[in-house]
Amino acid sequence: MKKLLIGAIAGSTLLSPIAAMAQTEVQFWHAFTGRLGELVAAQVEEFNASQSDYVVVQSHKGNYSETLNAGIAAFRAQEQPHILMVFEVGTATMMAAEGAVRPVYEVMGESGATFDPDAYIGAVKGYYTSTDGDMLSLPFNSSTPVLWVNRNAFEAAGVDPDMDLSTWENVGAALDALKAGGEDCPLVTAWQSWIHLENFSAYHDVPFASKDNGFSGLDTELMLNGPAQIAHLTAMQEWAQDGKFIYTGRRNEGGANFRAGECALFTESSAGYAGISSEAEFDFDVRPLPYWKAVADEPQNTIIGGASLWVMAGHDAEEYKGAGEFLSFLSSSDVQASWHQNTGYLPITAEAGEATKAAGFYEANPGTDIAVMQMTANEPTANSKGLRLGSFDQIRGIIDEELEAIWSGDKSPQEAMDSAKERGDALLRRFEQANG
Amino acid sequence: MEKRVTFRGWLLPILLIAPQVIISAVFFFYPAGQAIWQSLFIPDPFGLSSQFVGFGNFEFLLSDKFYRKSFLTTAIFSILVTLCSMIPALFLAVIADRLIKGSGVYRTMLIWPYAVAPAVAGVLWLFMFNTRVGVVSWYLGQLGYDWNHVLNGGEAMGLVVVASAWGRISYNFLFFFAALQSVPRSVIEAAAIDGAHFWRRFFGIVLPLITPTAFFLLVVNVVYAFFETFGVIHTITAGGPQQSTTILVYKVFSDGFVGQDLGSSSAQSVILLVVVGLLTVIQFKYVEKRVHY
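Bear in mind the structure is a predicted one, so any value in this text is a computation, not a measurement.

Q: What is the right way to look at the pattern of salt bridges in this model?
A: Pairing between side chains becomes possible if they bear opposite charge and their charged atoms approach one another. All names here are of chain A. Inspection of the entire model under this criterion finds 22 salt bridges over all chains. With a closest N to O distance of 2.7 Å, R423 and E401 form a salt bridge. One end of the pair, R423, is in helix α20 (residues 413-435); the other, E401, is in helix α19 (residues 392-407), with 22 residues separating them in the sequence. The partner of K421 in a salt bridge is D425, and the shortest N-O contact between them spans 2.9 Å. With K421 and D425 both in helix α20, this residue pair falls four residues apart, about one helical turn. Accessibility assignment for this pair places K421 and D425 in one class, buried. Each of R151, D162, D285 and R287 takes part in salt bridges that share partners, so that together they form one network.

Q: Explain the interface of chain A and chain B to me, please; I cannot follow it from the model alone.
A: The accessible area lost on association of the parts is a frequent measure of interface size. With 35 residues of chain A at the contact, the number on the chain B side is 31 residues. Across the chain A/chain B interface, buried area totals approximately 2,900 Å², and carbon plus sulfur atoms make up 55% of it. Of all residues in chain A, R76, Q394 and R430 of chain A bury the most surface against chain B, accounting for 24% of the area lost on that side. Where chain A touches chain B, the interface holds one salt bridge. Here D261 of chain B ties to R430 of chain A by a salt bridge, and the two come within 2.5 Å at their closest N and O atoms.

Q: Quick question: what am I supposed to make of the confidence of the model for chain B here?
A: Any segment with low pLDDT has predicted coordinates that should not be analysed in fine detail. For chain B, the mean per-residue pLDDT works out to 89, and 98% of the residues sit at or above 70. Within chain B, helix α1 (residues 11-38) of chain B carries the highest mean pLDDT (93), whereas helix α4 (residues 103-111) of chain B carries the lowest (83).

Q: Please explain unusual backbone geometry as it appears in this structure.
A: Both trends apply: most residues other than glycine have a negative phi, and most peptide bonds are in trans. The residue K211 of chain A is not glycine, and still its phi comes out positive at about 55°. Along the chain, K211 of chain A turns up in helix α10 (residues 210-213). In this model, Q242 of chain B sits at a positive phi of 50°, which is unusual for a non-glycine residue. Inspection of the secondary structure puts Q242 of chain B in the loop between α11 (230-236) and α12 (248-258).

Cut-offs and rules
- Along each chain, residue indices are assigned from 1 in the same order as the chain's sequence is written.
- Chains carry letters and ligands carry numbers; both start at the beginning, A for chains and 1 for ligands, and go up in the order they are written.
- The model is predicted, so local features are restricted to residues of pLDDT at least 70 and side-chain atom pairs to those at 80 or more, both for listing and for counting; the totals for chains, interfaces and linings are taken over all residues.
- Side-chain descriptors were evaluated using all non-hydrogen atoms of the structure, hydrogens and water having been removed beforehand.
- Criterion for a salt bridge: a side-chain nitrogen of Lys or Arg within 4 Å of a carboxyl oxygen of Asp or Glu.
- Secondary structure elements are defined from DSSP: runs of H or I of at least 4 residues count as helices, runs of E of at least 2 residues count as strands, and each element is numbered from the N terminus.
- Partly exposed residues are those whose accessible area sits between 20% and 50% of the maximum for their type, while under 20% is buried and over 50% is exposed, using a 1.4 Å probe and protein chains only.
- Should any heavy atoms of two residues lie within 4.5 Å, those residues are counted as being in contact.
- Buried area is understood as the total, over both parts, of accessible area removed when two parts are fitted together, assessed with a 1.4 Å probe.
- Along the chain, pLDDT gives the predictor's confidence residue by residue, from 0 to 100.

What follows is the structure, given as C-alpha cells:
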C-alpha cells in the first residue's frame, strides 16, 4: 500500500510539470450555479477543447457579492484569478481600483485575438465602457426589465389580455379592472430599485445621479428624488395601499407567486424567461416595460443588470494572452447566440442577435426579442447609458429600505427619496474619499 | 485554609501557560490590534492605498442616526433573545426534572433543536412565516391578521428573536436540567416537610441554588445574541425593514463585506469591543454579587 502511494506521488510529480509546461492555466471565478453554472462549464470546456495552448479553470465562488469579496480578498493575498465575474453594481468599485484590474480592451488588443469594439451592442457595453469609449470589462450576462402578463388571470377577472399595456396610465386602468374583477394580486415586482428607479429614470431620460449618473466623476450625487420618480412612486404607493400592487421582498421573491399563477402582472428581468417558461401553467406574454405618457412622449432605452468579466492585474503576459483568447471566444457569435437562447440574457453582439433571428428563435419563442428591442430602440443618452456609483450595493439597500417605508405608508414618496438621497450621498462621499 | 501549589523555578509554569497565551495572542490580540489600527484609516477595498483619518471613521459612524439607533436595536434584541431562551428553558427543565417515566425521550426531543445551525433555523422559520407561502402566516391570515414582516418592523423583530431563541432553548435546557439534578434532595425534602408547596420551594431554595448556572447562561446568551445570531438575521430579514433588525454585528458585516468600507467596519468592531467589554464588567461586578456559589 505504502509503496503504491509513493509510486503514485512520484508518478504525479513526474508528470505534472510536463502538463503545466504545455498549457497555460487561466483561472476564471464566477457566481453561477444550477443551470447557468452548467452552461458556463460547457462554454469553458468547449474553449479548452478548441485549442491546446491554454486551459481555463472555472470555479464557483458563491453569489455575486461573495464572488466579488472572494476576488478582493484574493487580490489582497496576491492569489487573484485572471478573470473575475463582477455584478453590475460592483462596476464602480472595480473601475476605481486601477492598480488591481487590467482593461479588457487592452488585454484583448495585446493578446492578438480578434477584437472589434464596435461589434458589441452599445446599450450593453456602455455600462462597462469608460467615458473615452474604451471597454473596461466584458459584458457576460446582461438582462433588462420587461413586463410579464398572465393572460389567464386577465381573462378570469374579465379583462382583455390583449389590451395596450405600454404605458403606466393603461396599466393603472388594468389594475383597477383586475381588482374589480376579483384579482387578489394584480401586480408584483422583482428588484424594485433596479426596475422602478434605476431603469425608470433611464427609460424616461431623467438623471438618477448627477455627473452623467456617475460616469464622469466620483463627486456624483443621487437625483432619484426628482419629480418624475416621485410621480411614479406616488402612483405605486396608491396601488400598494389599495392592494393592487403587492410587495413581496427586495429580490425576486414575487417570481414564485407569478410562476404559480397567483399574480396578473409582474415586472421582472428578461432573464426570468427560463423559469417562467418552464414552470408557468398558464398563457403568458412578454411586454415592453411600461412608461408614463405624462412624463415622456416616447420611452428612451432601459439599462442592463447582470455581470461582466474583469481581468485582474498581476499575472504573466502569456496568461493574459490566454485570458484574451478566452474572452474573444466568449464574444464569438455562435457562443453568444446559444447563450442568449438558453438563458434569456441579452446577446452582447449585434451579430449574435441577428443569428438568433435568422435561426427563427424569436418566432418560435414569442416575446424573447422584446428585451433586445427595448434596449436598442434608441441611442443611449447620458441618462440611459447606465450607472456608475460607488458602494452601490449598499445604496441599493438604502433605497430598498426607503421604498419599503413608502409601500407601508410610513413615509411619503418625497420624504423617503429625500432621505435615500441624503443617506446614499453620505456613502458616495466616503467612496470618493477612499478612491479619490 | 487555601491549598497552594508552588512551582520551583519559572520555566515549567511559563511552558504550561504558553499555549493559552500564544493562542490568545494570535487569534485575539493580533486581530483586535489590527482592527484598532485599521479603524484609523479609510482604505480602498483592494488594499492599494489608504489614508489616515484619525477618528474620522468614528465621527462618521456616530453622526449616522441609523448607527445610533442600532445600539437600541441591539439592546432590545439581546434582552428579548436572552429572556425568550432562558425562561422557557428553565420552565421545561423544571417540568422534565419532575418526570419519572420517559424523561429520557423528553430530554432528547428537547435537545434536538440545538443541532440546527442558526442559518438553517432562520430559513425554517422564514418558510413558516413567509408572507406569501408561509403556513403560519396563512393561518394568521385566516384568523384575520395580516402578517407582513417584510414591511412591519415589529413583526420582523419578533420573528428574528423567536428564530434565534428557539435553538438556544435546548442549550439552556441542558444546563438548567443538570443544575436542577444537582440540587440536594434532602434540602427540598426538608422544606416539603415544613409545608412549603412546590413553587415556594422552587423560588426559595432551588432557584438560589442554581444561580451560578443561571449567571453563566446569562453571560453566554448575551454573547450569543450579540455575535452568533448573524446567520438568522441574514437569512430572515437581512437587517430590514428600514434597519429595524440591524444589530451592531450585522452592520459590521454589511458595511465591511457588502459595502467594502473596511475603515468604517473596523471602527464598528472597535466600538463593539468596548461595548462587550463594558457589558462583561457590569455583569461580573453587579450581577455576580447576587450569585451564590
